[in-house]
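Descriptive analysis of the structure
So the chains spell out like this:
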Amino acid sequence: MTRETRNILAYVAPFATWIGLQTFLPATAWAYAARTAATLAVLLACWRPRLETGMRQPGVGRLAATGWGVAGGLLVLALWTLPEFSALYRTWCVWPLGSLPAASSAPSPYAPAVCGWTLTAAKLVGSACVIAPVEELFFRSFLYRWLQKRAFLSVPASRFDLSAFLWTVFLFTLEHDRPLAAALCAAIYGILSIRFGLLSAIVAHVTTNLLLGVYVVAANQWAFW
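So, a few notes on the structure that sits alongside this text. (Residues numbered from 1 in each chain as written. Predicted model: local features only at pLDDT ≥ 70, side-chain atom pairs only at ≥ 80, totals over all residues. Heavy atoms only, no water.)

Topic: the nonpolar core
As a rule of thumb, nonpolar side chains are buried together in soluble globular proteins. How we decide: Buried Ala, Val, Leu, Ile, Met, Phe, Trp, Tyr and Cys residues that are joined via side-chain atoms within 4.5 Å together make up what is termed a nonpolar core. Summary of the burial criterion: residues with accessible area below 20% of their type's maximum are buried, those above 50% are exposed, and those between are partly exposed, where the area comes from a 1.4 Å probe applied to protein chains only. Here a helix means four or more residues in a row that DSSP labels H or I, a strand means two or more in a row labelled E, and each is numbered from the N terminus. What makes two residues a contact is simply this: any of their non-hydrogen atoms within 4.5 Å.
The biggest cluster of nonpolar side chains holds 56 residues, and the ones touching the most others in it are Tyr11, Trp47, Trp80, Trp222 and Trp225. When residues in this core are grouped by element, the largest group, 11 residues, is from helix α6 (residues 117–146). Filtering out sequence-adjacent residues up to four positions away, Tyr11 remains in contact with Trp47, Leu51, Glu52, Leu137, Phe138, Ser141, Phe142, Arg145, Phe152 and Leu153.

Below you can see the structure in the form of structure tokens.
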């Protein structure tokens, strides 16, 4: 295996593990916990911190990158949740079209009454602390640069390329069931990564997923999960 192939696997393998297991395992709390554990194991086995040269852009301090990340995460959280109060949005801007997921009376497999608090907490922690960083490493650090040049590590993370940016937004959107919100979300994370560094995008994504999970559990809004 060449060094270039190993570098690509460091970014792709954790995300591929997550998507692959999501495809073949059932939508249950136990399966989600297993997918999260497997993805984390692959991430720890493959990832090499020395590969990441764009965690913070030149001139951007850790505090600034983190602060902008938190702000971006809060903005994405608002864009993800507030439109749900509109039936028109929930009908025509949530996939599959014509559905009203927030109005569903079916019990969620992740609700404590169904799976227990341990697995509900595992869902919350996994979505925020494992899946969010894995997605950012894949979409913002690998895919965005790889679309510009196959030797992606030679591409500065701060370089703006409109075509690569739009393709990354589009592909990120396909992974989610709220396409309009997901597109805005991907654009915000992408801008944060380019302007402040990957750290900022990761912090934003973690903030969004963590607070969204708390909202889901506290307000019984299981349609988001």
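A few points about helix α3 (residues 62–81)
Note that an α-helix has 3.6 residues per turn; residues three or four places apart therefore point the same way. Threshold: Given a helix with a known number of residues, its expected span is that number minus one, times 1.5 Å. Summarising the geometry, the arc corresponds to the directions from the helix axis toward the C-beta atoms.
Relative to the 28 Å expected for 20 residues at 1.5 Å per residue, α3 spans 28 Å between its end C-alpha atoms, a close match to the ideal helical length. Those residues of α3 lying buried are Ala65, Gly69, Gly72, Gly73, Val76, Leu77, Trp80 and Thr81. Burial along α3 is one-sided: seen end-on, the buried residues are contained in an arc of 150°.

Focus: the pattern of salt bridges
Test applied: Here, a salt bridge means any side-chain nitrogen of Lys or Arg that lies within 4 Å of a carboxyl oxygen of Asp or Glu.
Scanning all chains against the criterion turns up 3 salt bridges. Measuring nitrogen to oxygen at the nearest pair gives 2.8 Å for the salt bridge that ties Arg140 to Glu136. Taken as a pair, Arg140 and Glu136 lie in helix α6 at a separation of 4 residues, close to a single helical turn. Take Arg140 and Glu136: they sit in the same class, and that class is buried. Across the salt bridge formed by Asp177 and Arg178, the nearest N and O atoms sit 3.0 Å from each other.

Topic: the side chain of Thr120
Note the following rule: Polar contacts, as used here, are pairs of N or O atoms within 3.5 Å; protein pairs need one atom able to donate a hydrogen and one able to accept it. Residues neighboring in sequence count only if both atoms are side-chain atoms.
Structurally, Thr120 is set in helix α6. A polar contact is formed between the side chain of Thr120 and the backbone oxygen of Tyr110, at a distance of 2.6 Å. Among all residues touching Thr120, those that are not within four sequence positions of it are Tyr110, Ala111, Pro112, Cys115, Val217, Trp222 and Trp225.

Let's talk about the packing of α6 against helix α9 (residues 198–219)
Going by this rule: Under this scheme, a helix contributes an axis fitted over its contacting stretch, all axes are lines through C-alpha atoms, and angles between N-to-C directions fall in the 0 to 180 degree range. Relative orientations are named as follows: roughly parallel for angles under 35 degrees, roughly antiparallel for angles over 145 degrees, roughly perpendicular for angles from 65 to 115 degrees, and oblique for any other angle. By convention, the crossing between two helices is left-handed when the near helix turns anticlockwise from the far helix through less than a right angle, and right-handed when the turn is clockwise.
At a closest axis distance of 9 Å, the pairing of α6 and α9 adopts a crossing angle of 155°. One element, α6, and the other, α9, form an angle in the roughly antiparallel class. The handedness of the crossing between α6 and α9 comes out as right-handed. Packed against α6, whose contacting residues are Trp117, Thr120, Leu124, Ser127, Ala128, Ala132, Pro133, Glu135, Glu136, Leu137, Arg140 and Ser141, the element α9 presents Leu198, Ala201, Ile202, His205, Val206, Asn209, Leu210, Gly213, Val214 and Val217 at the interface.

Examining the packing of α3 against helix α8 (residues 179–196)
Put simply, the rule reads: All amino acids are sorted into three groups, where Ala, Val, Leu, Ile, Met, Phe, Trp, Tyr, Cys and Pro are nonpolar, Asp, Glu, Lys and Arg are charged, and the leftover types, Gly among them, are polar.
The interhelical angle for the contact between α3 and α8, taken along N-to-C directions, is 170°, at an axis separation of 10 Å. Classified by the angle between their axes, α3 and α8 sit roughly antiparallel to one another. Residues Ala65, Trp68, Gly69, Gly72, Leu75, Val76, Leu79 and Trp80 of α3 touch α8, and the partners they reach there are Ala181, Ala182, Leu184, Cys185, Ile188, Tyr189, Leu192 and Phe196. Tallied by class, residues from the contact of α3 with α8 come to 14 nonpolar, 2 polar and no charged.

Brief notes about the environment of Thr208
Note on placement: Thr208 falls in helix α9. Owing to a relative accessible area of 3%, Thr208 belongs among the buried residues under this scheme. In this structure the C-alpha to C-alpha distance between Thr208 and Gly67, which are 141 residues apart in sequence, comes to 13 Å. Sequence-distant contacts of Thr208, that is, excluding residues within four places in its chain, are made with Gly73, Val76, Leu77 and Tyr189.

Here's the deal with helix α2 (residues 29–46)
Relative to the 26 Å expected for 18 residues at 1.5 Å per residue, α2 spans 26 Å between its end C-alpha atoms, a close match to the ideal helical length. Every buried residue of α2 is accounted for by Ala29, Ala31, Tyr32, Arg35, Thr36, Thr39 and Leu43. Down the axis of α2, the buried set is contained in an arc of 155°. They therefore lie on one face. The exposed set on the far side of α2, more than 90 degrees from its buried face, consists of Trp30, Leu44 and Ala45. As for α2, its buried residues are in contact with α1 (3–24), α5 (112–115) and α6.

Some thoughts on the state of the cysteines
Note the threshold: By disulfide we mean two sulfur atoms from cysteines, separated by a distance within 2.5 Å.
Scanning the model with the defined rule gives 0 disulfides in all. The thiol of Cys115 is not disulfide-bonded; the next cysteine sulfur, from Cys129, is found 17 Å away. Looking at Cys185, it has no disulfide partner, and the nearest cysteine sulfur is the one in Cys93, 15 Å off.

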